[in-house]
Amino acid sequence: MSGLCPFVENFVRNVVEGSSNAGICAGIISVSDVRTGCLLGLKENGGRGDRFRLSIPYAGQHITWEVIFNSCYPEDPPEIILGAEDDEFNPDIECLKNYCSWDPANELSLLFTLKDLLSEYRSHHLSRLSGSRLEFDYNTLFDNSEFDSDDIEVYVPRKNGCSTGPVRFLIRLNVDFSGIPEYLLKDAPGGEVVALLLVNYKNLDGGTVYPHIQLSPRAECLFNMFGGIRLPPFPLEGCLVDYVLGVREQLNRTVLSIINGFVKRKEYTASFSANFGSQLIEFDTIAYKQITCLFEWQDFRFLVYVDLNLKFPQEQPTFTFQSVYHTKADGTPITRVYTNYPYSPRWGGLEMAARAK
């Protein structure tokens, strides 16, 4: 945003920071090609850039619109010039309420105007589905009230006045991430935790279907800790709504498994502490992934490290015994790892700890 007029910069900052509120994108609106309408030029004019390009994520791609303010008349709304590929898009100005009632004192005015414009842009592309097989697929998404129109972006390209392909549906899956432990996201990029499904059709008749999961950087960081997400293939002659609901259920199960794993580790740690309280030295109070104890057997003292990985309870804890007296030739402590002991992921934490004893 370097080089923008101060009043323009405030509008643009709110657009970039509010990218997730402009559409359903998993990306960020970016700014480029800052220029000025002043005859002196950008440098000579003290960096008073009042026009620029916005690259806006939409339906799995980016559309570029040019925004032109007039630094001499900061109270006026900007002109917005659409891309050459959008020459058929002529929105009704009366539908752009925030543009018609432009408030130069409200730094969110440009963001709200872009939201209105993107809403009209989505309606414009939806109209291109009329009478096609994909119109039916689109409408079935609303049959059971699982989605609404704000959850879906559609892009239908045209060439020589005819709709072509590939046709893209971008669908917000509305996965509930609210129960995810905070520590898992502390090093993740900022922003929302969002999961989207991008469905590419060969043409308006359907044809070959290529589904692709799109995750916000924060969501991607989370799922990568647990092996990522693998989508099932789109079934031949399958119905879009069934596939979308199946993918959402898959993600919800994964999220629930992550939450349950954290709860189970915490439960196991509490149970282990109850069984071995006098031998307990320390335990992880954030992720509940490790417990350390000091044991004595026939005047011989040794440490026991209990490691619980992120796949617990499906994968059993690892017990590492470490001598406090002896070392190897390289100076590292002598250790022995044990995983062969009674264990079942179906047991509760108390039984797991008691069986390990």
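As shown above, the structure is provided for reference.
Conventions adopted
Residues numbered from 1 in each chain as written. Predicted model: local features only at pLDDT ≥ 70, side-chain atom pairs only at ≥ 80, totals over all residues. Heavy atoms only, no water. Core = buried A, V, L, I, M, F, W, Y, C linked by side-chain atoms within 4.5 Å. Buried < 20%, exposed > 50% of the residue type's maximum accessible area, 1.4 Å probe, protein only. Helix = DSSP H or I, 4+ residues; strand = E, 2+ residues; numbered from the N terminus. Contact = heavy atoms within 4.5 Å. Pairing = 2+ DSSP bridges. Axes fitted to C-alpha atoms, helices over the stretch in contact; angles between N-to-C directions. Salt bridge = Lys/Arg side-chain N within 4 Å of Asp/Glu carboxyl O. Parallel < 35°, antiparallel > 145°, perpendicular 65-115°, else oblique. Nonpolar A, V, L, I, M, F, W, Y, C, P; charged D, E, K, R; others polar.

Caption draft 1: Structural context of the nonpolar core. Ranked by size, the top nonpolar core spans 44 residues in total, and within it L129, F169, L173 and I180 carry the most contacts. Those elements that provide at least two residues to this core are α5 (133–140), β5 (152–155), β8 (167–172), β9 (195–203), β10 (206–215), α6 (217–224) and α7 (240–275). With 10 residues, the top contributor of residues to this core is α7. Setting aside anything within four residues of it in sequence, one finds I180 in contact with L185, L222, V255, I258 and I259. Grouped together as the second largest cluster of nonpolar side chains are 32 residues, L4, I24, W65 and V67 included.

Caption draft 2: Spatial organisation of unusual backbone geometry. With an omega of 10 degrees, the peptide bond running from F312 to P313 counts as cis. Phi is positive for Y288, close to 55 degrees, though the residue is something other than glycine. By the secondary structure assignment, Y288 is in the loop between β11 (280–283) and β12 (290–297). Looking at Y288, the relative accessible area reads 13%, which means it is buried.

Caption draft 3: Quick peek at the sheet that holds β9. Read across the open sheet, the 4 strands follow the order β5-β8-β9-β10; overall the sheet is antiparallel. Two strands in the sheet have a free side with no partner beyond their single neighbour: β5 and β10. Ignoring strand direction, the axes of neighbouring strands in this sheet form an average angle of 15 degrees. Bridge count for β8 against β9 is 6 bridges, and the pairing is antiparallel.

Caption draft 4: Region of the structure containing the pattern of salt bridges. Applying the stated criterion across every chain, the model contains 15 salt bridges. In this structure, E88 engages R128 in a salt bridge whose closest nitrogen and oxygen atoms are separated by 3.5 Å. Highlighted residues: E88 in the loop between β4 (79–81) and α3 (97–100) and R128 in the loop between α4 (109–127) and α5, separated in sequence by 40 residues. Overall, the relative accessible area of 11% leaves R128 in the buried class. For the salt bridge of K186 with D187, the shortest nitrogen-to-oxygen distance reads 3.0 Å. Each of D33, R35, R53 and E66 takes part in a single network of salt bridges with overlapping partners.

Caption draft 5: Representation of the packing of helix α1 (residues 6–17) against α4 in the model. Where α1 meets α4, the closest approach of the two axes is 7 Å, and the angle between their N-to-C directions is 50 degrees. For the element pair α1 / α4, the angle class is oblique. For the pair formed by α1 and α4, the contact residues are F11, N14 and V15 on the first element and S109, L110, L111 and L114 on the second. Residues belonging to the contact of α1 with α4 are distributed by class as follows: 5 nonpolar, 2 polar and no charged.

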